[in-house]
Amino acid sequence: MGGVVKRAYKYRFYPTGEQAEQLHRTFGCVRLVYNKALEMRAHVHATERRSISYAASSAALTEWKRTEELAFLNEVSSVPLQQALRHLHAAYAAFFAKRARYPRFKSKRKSRASAEYTRSAFRWRDGQLTLAKMDAPLDIVWSRPLPDGAVPSTVTVSRDAAGRWFVSLLVEDLTVEALPLLDTAVGVDAGLTSLVTLSTGEKVTNPRHERADRRRLAKAQRDLARKEKGSQNRVKARFKVAKVHARIADRRRDHLHKLSTRLVRENQTVVIEDLTVRNLLRNHRLARAISDAAWSQLRAMLEYKAAWYGRTLVTVDRWFPSSKLCSDCGRLTESLPLNIRTWQCPCGATHDRDINAARNLLAAGLADR
């Protein structure tokens, strides 16, 4: 593909006390509008068996602002509130298309605190970003430069559970170019002992980031459990737990970015298995390790990076017996328990279970093209 692509550049920023207060108020209003619109849609569908359009939801928002009870909605920018309605409309569309489950209400503690601003609700001037209802620009840490001449089309401000503030700038990037064509292809088998095994025979070690910080996380959680509910000390302890989780997630994401970029740069075609991670998580003995491996996140990175750089990502059906099939003669073994890591085919070939699976995935993926 290459050419013009839309990319989001995410940065940390440090708001002033007044800016933080305004953003907290905005997050709460966005959550309230989303939940009220969802409640209205669900009620109308249950009682009248009809759906509500985005325009009807927007008109309802205008009426809510005129009431004495919800007049405070006028204190924040109207754009994030309208964007919340658009997100709800998109969530319903995904539900009816059977791409997602039914939309759920946003929780103050569990949901992501964020607000989305379009071009009419922020000012971008001389590399400084000023949001609507604010007098001063955000103090952003520019950890990497934006593409030359890039102007944000959408700005998303968020705050994570660890109390860190982030701003994500969506821009059109003209600098992304398709990589030179290669004649290499690789099969990738996901695992737990090795995060991925390649058809070349290479095994990428699973860093197990959650396990590495498990003792630190357990200590923070014990401290949290001892604190009295509703106390300020409990709030501080909850932040400590969130910081450990954030450290784990950051390290995991960094590792997956480096791995996915390497696979895309070194191969013209990447073949993976179409795993249903949600079903695999039902195995309670392996759920924690599977979640830590983050296979779905790796697949998502491979998908968009392959599209950016002109590579091909092929998925093989999850029922394909990649581990049981001999990559030399094609004979299918009837039973191969998970504890058997090396096995011998009657043809005389001895296979490492994971390498054999990766080679079979590569052959199947190339055959389907």
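First, a word on what this report is: a plain description of the structure on this page. These figures come from a predicted structure and were not determined experimentally.

## Quick notes on the sheet that holds strand S2 (residues 113-118)
(1) Moving on: With respect to topology, four strands assemble into an open sheet ordered S1-S6-S5-S2, the strand pairing being antiparallel. Edge strands, defined here as strands with exactly one partner in the open sheet, are strand S1 (5-12) and S2. For this sheet, the mean inter-axis angle between neighbouring strands, taken without regard to orientation, is 20°.
(2) Moving on: Of the strand pairs in this sheet, strand S5 (residues 154-159) and strand S6 (residues 165-173) are connected by six bridges, and their pairing is antiparallel. Considered in S6, the bridge of Val-155 is made with Leu-169.
(3) Moving on: Most of the contacts of helix H1 (residues 17-48) go to S2, to which it runs at about 95°, and overall it touches S2, S5 and S6.

## A short note on empty space enclosed by the protein
(1) Moving on: If you walk through the whole model with that rule in mind, you get one cavity of 30 Å³ or more.
(2) Moving on: If you add up the space inside the largest cavity, you get close to 30 Å³.
(3) Moving on: Lining the largest cavity we find Leu-195, Asn-206, Pro-207, Arg-208, His-209, Arg-252, His-255, Leu-256, Asp-292 and Ala-293.
(4) Moving on: Of all elements in the fold, only helix H6 (232-266) and helix H8 (287-293) reach the threshold of two or more residues within the lining of the largest cavity.
(5) Moving on: A per-element tally of the lining of the largest cavity places H6 first, with three residues.

## Digging into the pattern of salt bridges
(1) Moving on: All chains considered together, the criterion is met by 23 salt bridges.
(2) Moving on: Residue Asp-254 is joined to Lys-258 by a salt bridge in which the shortest nitrogen-to-oxygen separation is 3.1 Å. Taken together, the residues span about one helical turn, with Asp-254 and Lys-258 both in helix H6 at a distance of four residues.
(3) Moving on: Assessed through its relative accessible area of 39%, Asp-254 is described here as partly exposed.
(4) Moving on: Several salt bridges converge on common partners, so that one network encompasses Asp-160, Arg-164, Asp-250 and Arg-253.

Cut-offs and rules
- Residues numbered from 1 in each chain as written.
- Predicted model: local features only at pLDDT ≥ 70, side-chain atom pairs only at ≥ 80, totals over all residues.
- Heavy atoms only, no water.
- Pairing = 2+ DSSP bridges.
- Helix = DSSP H or I, 4+ residues; strand = E, 2+ residues; numbered from the N terminus.
- Axes fitted to C-alpha atoms, helices over the stretch in contact; angles between N-to-C directions.
- Contact = heavy atoms within 4.5 Å.
- 1 Å grid on protein atoms, 1.4 Å probe; cavity = no way out; pocket = protein on both sides within 12 Å on 5 of 7 lines; lining within 4 Å.
- Points joined across faces, edges and corners; volume = space filled by probe spheres on them.
- Salt bridge = Lys/Arg side-chain N within 4 Å of Asp/Glu carboxyl O.
- Buried < 20%, exposed > 50% of the residue type's maximum accessible area, 1.4 Å probe, protein only.

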